[in-house]
Amino acid sequence: MAANLSLSILKKVAQVKIIRYSSSIAGFKPRRSLLYVPGDENKKVQKASGLDADVVVLDCEDGVAQSKKAECRDNICRLLPTLDFGRSESAVRINSIDTEYAAEDIKAVFSSEALPKALMVPKIEERDQLVWFKSKVNDLMKNHTDQSPLKVICQTETPIGMMNLRGILEECLIPDEKLQFEAFVFGSDDFLASIGGTRTESAIELLFARQNFIMHVKGFGLQAIDMVYINFKDQEGLARQSSDGAKMGFTGKQIIHPAQIDVVNKAFAPTEERIDYAERLVKAFDAHQLTGKGAFAFEGNMIDMPTVLQAQNILNLAKAIV
Amino acid sequence: MAANLSLSILKKVAQVKIIRYSSSIAGFKPRRSLLYVPGDENKKVQKASGLDADVVVLDCEDGVAQSKKAECRDNICRLLPTLDFGRSESAVRINSIDTEYAAEDIKAVFSSEALPKALMVPKIEERDQLVWFKSKVNDLMKNHTDQSPLKVICQTETPIGMMNLRGILEECLIPDEKLQFEAFVFGSDDFLASIGGTRTESAIELLFARQNFIMHVKGFGLQAIDMVYINFKDQEGLARQSSDGAKMGFTGKQIIHPAQIDVVNKAFAPTEERIDYAERLVKAFDAHQLTGKGAFAFEGNMIDMPTVLQAQNILNLAKAIV
Amino acid sequence: MAANLSLSILKKVAQVKIIRYSSSIAGFKPRRSLLYVPGDENKKVQKASGLDADVVVLDCEDGVAQSKKAECRDNICRLLPTLDFGRSESAVRINSIDTEYAAEDIKAVFSSEALPKALMVPKIEERDQLVWFKSKVNDLMKNHTDQSPLKVICQTETPIGMMNLRGILEECLIPDEKLQFEAFVFGSDDFLASIGGTRTESAIELLFARQNFIMHVKGFGLQAIDMVYINFKDQEGLARQSSDGAKMGFTGKQIIHPAQIDVVNKAFAPTEERIDYAERLVKAFDAHQLTGKGAFAFEGNMIDMPTVLQAQNILNLAKAIV
């Protein structure tokens, strides 16, 4: 039974995926750069709202001391209706669902005159936590004036959350009128602390975790957001790690400082050269299809359907971030 | 129940494995190089049948345009009885089971006067697809004159197929009179397109997927065939990637051009030096066993059972490809 | 049902983990170096007991020839009451549970006048094997004078054992009065032989297996012991691989020669420099908490809770190995 349910959900994924990656659908939201700011620091929040990050996350969780949790909530409620986030998506990261703060955080968000575009839910370890979250938010949305569905960004940060990722993702895929799960974020620092590892420049210690995460999240058609590069003064290192992540399949990266926005936005956008190549390739493929040949040689490589699909993905993303 | 069934199958695996890797069993088939040719291109098929690839795959799938699918099927039926594949294993890759073409492809193969030695089934994502395939082929084989069991080569190409790999492999292990599942092929291009990754020279972006694939496929005692090296003019790069794959545990590699056969056959065959070392090691181990010592020092290393087993594997493969 | 049971066990893990890693708990046992000696070689056993390995394993398994199994058991029984292992933990590795030897090995251990501190169980592939082991040992401990719980170290060495790791770990977490599961050991040589891989200096061929192993074992709050470095004359290579493993999250390493003890003990102990940094960081964090700031800049990096936790782990280990 459980297996069959899972399979029927997976069947839907394929369709969802096509819609999601299609450039023709309105509302496709690139999330290359996801900038955290502590929700209790007005200056930082105000500054962040005027920058070029794809997502600005007003944080109630790790970035905020326990003694400031209530103040932070109130502050976010006051700020949301007053700020213009421009092309950035506004998001609020609540505290993790197992803490006493989560319910209060959610309540506070819905008491604001303006909702954020997205909620971010950290430290998800079990499917049941999402069931609780969905029911909580659905209740509150019934009475809210803003009726457009709220986007949800989830965060996986522990070994147990990673082991349960498939079930968690299946829960996200169940259609919900008021909530739309769009992205998963890999919380590498918490993960590394959980396994007792040490951060290195190459991040080889996280290779398994990052690629396992990508397989699951992209396999279910959602966006996958990569680890933080913690040394915010090292632009070269940031560029290198961003590029590594993009090549693995990540669609974006968490950032902790405004100085990281441009590098990351650039790393997760296709280069002119790759767009050119993709255009030439798709054109050549279309021509060959007419002559009835499937696989064909193109600039020294044998090209088949998956390579063509990849080229099409590049063109779609390029259009969405203009 | 499901868990117990799975365990009883796994118990059988161990025995199957010993039989499969034993050099004394007739019918052991090395699959170092697996060459694709579009089934609708007569010249290429004829040329391929006379080359030294371990497997020649007449493709009905990605290598053939949609407008040519029917023509391709007919062509393969006509060609099979006329071609001499020499020491190569002839295989037909049908279209994926979820397409409208799969059933027609299978029917066409069985309408030919000569069956191929193997069928290749691409894009397997769920166990149920194999159940369908097995029942379909069993029905057709009842009425066919050729009664020797047909070999099957499966292909995993998507994140969901990768997640479901264990169940799929368990299905393959269930004994079947008319079908023998012997190898799994990792479809890296489709996989990379699914997760939105980018091919790099080191293939680091696929490390998780390749090694996860190996653990499952080899753990169930089947052969594991590695990704395509797409730049067919770069023999050095091909040699390097082949060698990397062989060291990880792959037993062979997909190829897309005749120029890749020799490099790949060589990379997946043990070197003279390694055969020599394995022979010396096994001999030394046998002598030490007589004196009653288990682990022993040999040329500066402590040697125990697994290392001896590995040496034995090398000798078995060396015999099979003479 | 099964899923719920698993979740309730996982909930307990979190608590267990906090206790286990807390420096204040008596009985915390670092296992940086785990030295194997064949149980039938008196001289080697006697020498090993006087060295500085964290664990000394008297081996009944791979290191002992089949013709010597009975002699080895008797020998260990005679030796255990006479040897002083100093600060080392004495352990006996029995033969794998599927062999005819396992039951005899366990019986022999309990017939000795002095029990070892730990039992080591190799080649675990299924949860049911542990169920058998637990019941067997519980029966024998009822009648034994030594009533303090016996520590258990498990070994994962095959693809199937790796695939079943989660269920195996859940079985270990079920509280048991007489047995305490504390560590898992990755048997890389057997694993590599099972998948047909080849050992390389960088060990890249085992990256997936090692990191998958760590995620599971550390995720369930147990210690994770890394692969053997087989060339015991190469101290530099040993140091490099030990350091790689420590950074990935391994807490210790198997060794096969006394010359490997010091390098390994050092690699899995925090350096003075890291202890200093951890102390400064924890102090700075405490101060910032008082001012109400959560995340904060420290020596050029943004620091949050996970990074602080990691620093605390380092300080705890440093205290335990003084």
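How each quantity is defined
- Residues numbered from 1 in each chain as written.
- Chains lettered and ligands numbered in written order.
- Predicted model: local features only at pLDDT ≥ 70, side-chain atom pairs only at ≥ 80, totals over all residues.
- Helix = DSSP H or I, 4+ residues; strand = E, 2+ residues; numbered from the N terminus.
- Buried ≥ 20, exposed ≤ 12 C-beta atoms within 10 Å, placed from the backbone.
- Contact = placed C-beta atoms within 7 Å.
- Nonpolar A, V, L, I, M, F, W, Y, C, P; charged D, E, K, R; others polar.
- Axes fitted to C-alpha atoms, helices over the stretch in contact; angles between N-to-C directions.
- Parallel < 35°, antiparallel > 145°, perpendicular 65-115°, else oblique.
- Left-handed = near helix turned anticlockwise from the far one by under 90°.
- Least-squares fit on C-alpha atoms with pLDDT ≥ 70 in both.
- Pairing = 2+ DSSP bridges.
- Core = buried A, V, L, I, M, F, W, Y, C linked by C-beta atoms within 7 Å.
- pLDDT = per-residue confidence, 0-100.
- Expected span 1.5 Å × (residues − 1).
- Arc of directions from axis to C-beta.
- Right-handed = clockwise from strand over helix to strand, strands pointing away.

J.: Is there a simple way to explain the overall build of chain A in this structure?
T.: If you tally the helices and strands in chain A, you get 13 helices and 10 strands. The proportion of buried residues among the 322 residues of chain A is 50%. Restricting to contacts in chain A with at least 6 residues of sequence separation, those with at least 24 account for 76%.

J.: What should I look at first to understand the interface of chain A and chain C in this one?
T.: Much of the literature gives interface size as the accessible area that the parts lose upon coming together. In this complex, chain A contributes 32 residues to the contact, which on the side of chain C involves 30 residues. When residues of the side of chain A that touches chain C are traced back to their parent elements, those giving at least two are helix H6 (159–163), helix H8 (188–195) and helix H9 (207–219) of chain A. Of all the elements, H8 of chain A adds the most residues to the side of chain A that touches chain C, at 6 residues. Of the residues assigned to the side of chain A that touches chain C, the class counts are 16 nonpolar, 9 polar and 7 charged.

J.: Just to check I follow, could you spell out the interface of chain A and chain B for this structure?
T.: Across the boundary between the two partners, chain A contributes 30 residues, which contact 32 residues of chain B. For the side of chain A that touches chain B, the elements supplying multiple residues, two or more each, are helix H1 (2–21), H9, helix H10 (235–248), strand E10 (301–303) and helix H13 (305–320) of chain A. Counting residues per element, the side of chain A that touches chain B draws most heavily on H9 of chain A, at 8 residues.

J.: What's the story with the packing of helix H3 (residues 69–79) of chain A against helix H4 (residues 101–111) of chain A in this structure? I'm lost.
T.: The description of two helices packed together rests on the angle between their axes and the distance between the axes. Residue and element names in this part refer to chain A. Running from N to C, H3 and H4 point in directions that differ by 20 degrees, and their axes come no closer than 8 Å. The angle between the axes of H3 and H4 places the two elements in the roughly parallel class. Considering how the two elements wind past one another, H3 and H4 form a crossing that is right-handed. Residue-level contacts link Lys69, Arg73, Ile76 and Cys77 of H3 to Tyr101, Glu104, Asp105, Ala108 and Ser111 of H4. For the contact of H3 with H4, the residue count by class is 4 nonpolar, 1 polar and 4 charged.

J.: Please explain the relation of the copies chain A and chain C as it appears in this structure.
T.: The operation relating the pair of chain copies consists of a rotation about an axis and a translation along that axis. The transformation that overlays chain A on chain C combines an axial shift of 0.0 Å with a rotation of 120 degrees, and the residual RMSD is 0.0 Å. Both chain copies can therefore be described as sitting about a three-fold axis. Using C-alpha coordinates, one finds that chain A approaches the rotation axis most closely at Phe208 of chain A, a distance of 3.4 Å. Interface overlap between copies: only 6% of the residues of chain A at the interface are likewise at the interface in chain C, consistent with a contact formed by different surfaces.

J.: What am I meant to see in the sheet that holds strand E5 (residues 150–156) of chain A here?
T.: Paired through their backbone hydrogen bonds, the strands of a sheet run either parallel or antiparallel. Residue and element names in this part refer to chain A. Pairing is parallel in the closed barrel, where 8 strands are placed in the order E1-E2-E3-E4-E5-E6-E7-E8. Strand-to-strand twist in this sheet, taken as the mean axis angle between neighbours without regard to direction, amounts to 30 degrees. The strands touched by H9 within the sheet are E5, strand E6 (179–186) and strand E7 (223–226), with E7 carrying the most contacts at an inclination of about 160 degrees.

J.: Even after reading the chapter, I still don't get the sheet that holds strand E1 (residues 33–38) of chain B, so can you show me in this structure?
T.: Residues and elements named next belong to chain B. Here we have 8 strands rolled up into a closed barrel, ordered E1-E2-E3-E4-E5-E6-E7-E8, and parallel in their pairing. Taking the axes of each pair of neighbouring strands and ignoring which way they run, one obtains an average angle of 30 degrees across the sheet. Sheet analysis places strand E5 (residues 150–156) next to strand E6 (residues 179–186), joined by 7 bridges and oriented parallel. By the bridge assignment, Gln155 is partnered in E6 with Val185.

J.: What is the right way to read the nonpolar core from this model?
T.: For soluble globular proteins, nonpolar side chains are generally found buried alongside one another. Counting residues in hydrophobic clusters, the biggest one holds 238 residues, and the most contacted among them are Leu35 and Leu119 of chain A, Leu35, Val57 and Leu119 of chain B together with Leu35 and Leu119 of chain C. Discounting chain neighbours no more than four positions away, the residues touching Leu119 of chain B are Ala91, Val92, Ile94, Val109, Leu150 and Val152 of chain B.

J.: I would appreciate a short explanation of the packing of helix H5 (residues 127–142) of chain A against helix H7 (residues 165–173) of chain A in the present structure.
T.: Residue and element names in this part refer to chain A. Running from N to C, H5 and H7 point in directions that differ by 25 degrees, and their axes come no closer than 8 Å. By the angle class used here, H5 and H7 are roughly parallel. In this structure, H5 contributes Arg127, Leu130 and Val131 to the contact, and H7 contributes Gly167, Ile168, Glu171 and Cys172. Grouping the amino acids of the contact of H5 with H7 by side-chain chemistry returns 4 nonpolar, 1 polar and 2 charged.

J.: Sorry, what's going on with the relation of the copies chain A and chain B here?
T.: For the pair chain A and chain B, the superposition axis carries a translation of 0.0 Å, the fit reaches an RMSD of 0.0 Å, and the rotation angle comes to 120 degrees. Of the interface residues in chain A, just 7% have counterparts in chain B that sit at the interface too, so the contact is made through distinct surfaces.

J.: Would you mind going over the confidence of the model for chain A with me for this structure?
T.: Predicted coordinates in areas of low pLDDT are best not read in detail. All names here are of chain A. Of all residues in chain A, 89% have pLDDT values of 70 or greater, and the mean over the chain is 88. Throughout residues 1–5 the model reports pLDDT below 50, and contacts reaching past four residues in sequence, or to other chains, amount to 0 contacts. When the criterion is pLDDT under 50, residues 14–26 qualifies, and its contacts beyond four places in sequence or with other chains add up to 10 contacts. If you check the scores for this complex, the pTM reads 0.91 and the ipTM reads 0.89.

J.: Before we go on, may I ask you to explain helix H12 (residues 272–291) of chain B in this structure?
T.: Three or four residues apart is the spacing at which side chains of an α-helix point the same way, because the helix has 3.6 residues per turn. Residues and elements named next belong to chain B. For H12, spanning 20 residues, the distance from its first C-alpha to its last is 29 Å, which sits close to the expected 28 Å at 1.5 Å a residue. Buried within H12 we find Ala278, Leu281 and Phe285. Buried residues of H12, seen end-on, are gathered within an arc of 70 degrees and therefore sit on one face of the element. Facing away from the buried surface of H12 by more than 90 degrees, the exposed residues are Glu272, Glu273, Asp276, Lys283, Asp286, Ala287, Leu290 and Thr291. Trailing H12 by a residue or two, Gly292 shows a phi angle of about 90 degrees, which is positive.

J.: Before we go on, may I ask you to explain the pairing of strand E2 (residues 55–59) of chain A in this structure?
T.: Two faces belong to every sheet, and in a regular strand the side chains alternate between them. Residue and element names in this part refer to chain A. Counting buried positions along E2 gives 5 out of 5 residues, so the element sits mostly inside the fold. Both strand E1 (residues 33–38) and E2 contribute to a ladder of 5 bridges, which runs parallel. Within E2, the position partnered with Val37 by the bridge is Leu58. One ladder, built from 5 bridges, connects E2 with strand E3 (residues 89–93); its direction is parallel. Bridge pairing in E3 links Leu58 to Val92. Note that the unit made of E2, H3 and E3 has a crossover that is right-handed.

J.: Before we go on, may I ask you to explain the environment of Thr145 of chain C in this structure?
T.: Topologically, Thr145 of chain C is positioned in the loop between helix H5 (127–142) and strand E5 (150–156). Through-space distance from the C-alpha of Thr145 of chain C to that of Leu115 of chain C is 9.7 Å; in sequence the pair is 30 residues apart.

J.: Help me out: how do you make sense of the pairing of E1 of chain B in this one?
T.: Residue and element names in this part refer to chain B. Counting buried residues in E1 gives 6 out of 6 residues, a clear majority hidden from the surface. The two faces of E1 match: Ser33, Leu35 and Val37 on one face and Leu34, Tyr36 and Pro38 on the other face are all buried. After leaving E1, the chain enters helix H2 (residues 42–49) and then returns to the sheet as strand E2 (residues 55–59), a path that is right-handed.

J.: Please explain the environment of Asp226 of chain A as it appears in this structure.
T.: With respect to the secondary-structure elements, Asp226 of chain A resides in strand E7. Residue contacts for Asp226 of chain A: discarding those within four places in its chain leaves Phe186, Arg210, Gly245, Phe250, Gly252, Lys253 and Gln254 of chain A.

J.: What is the right way to look at unusual backbone geometry in this model?
T.: Apart from glycine, the bulk of residues carry a negative phi angle, and the bulk of peptide bonds sit in the trans form. Here Ala203 of chain A, not a glycine, exhibits a phi torsion of approximately 60 degrees, which is positive. Along the chain, the position of Ala203 of chain A falls in the loop between H8 and H9.

J.: Can you walk me through the environment of Ser135 of chain B in this structure?
T.: Position of Ser135 of chain B relative to the elements: it lies in helix H5 (residues 127–142). In this structure the C-alpha to C-alpha distance between Ser135 of chain B and Val185 of chain B, which are 50 residues apart in sequence, comes to 22 Å.

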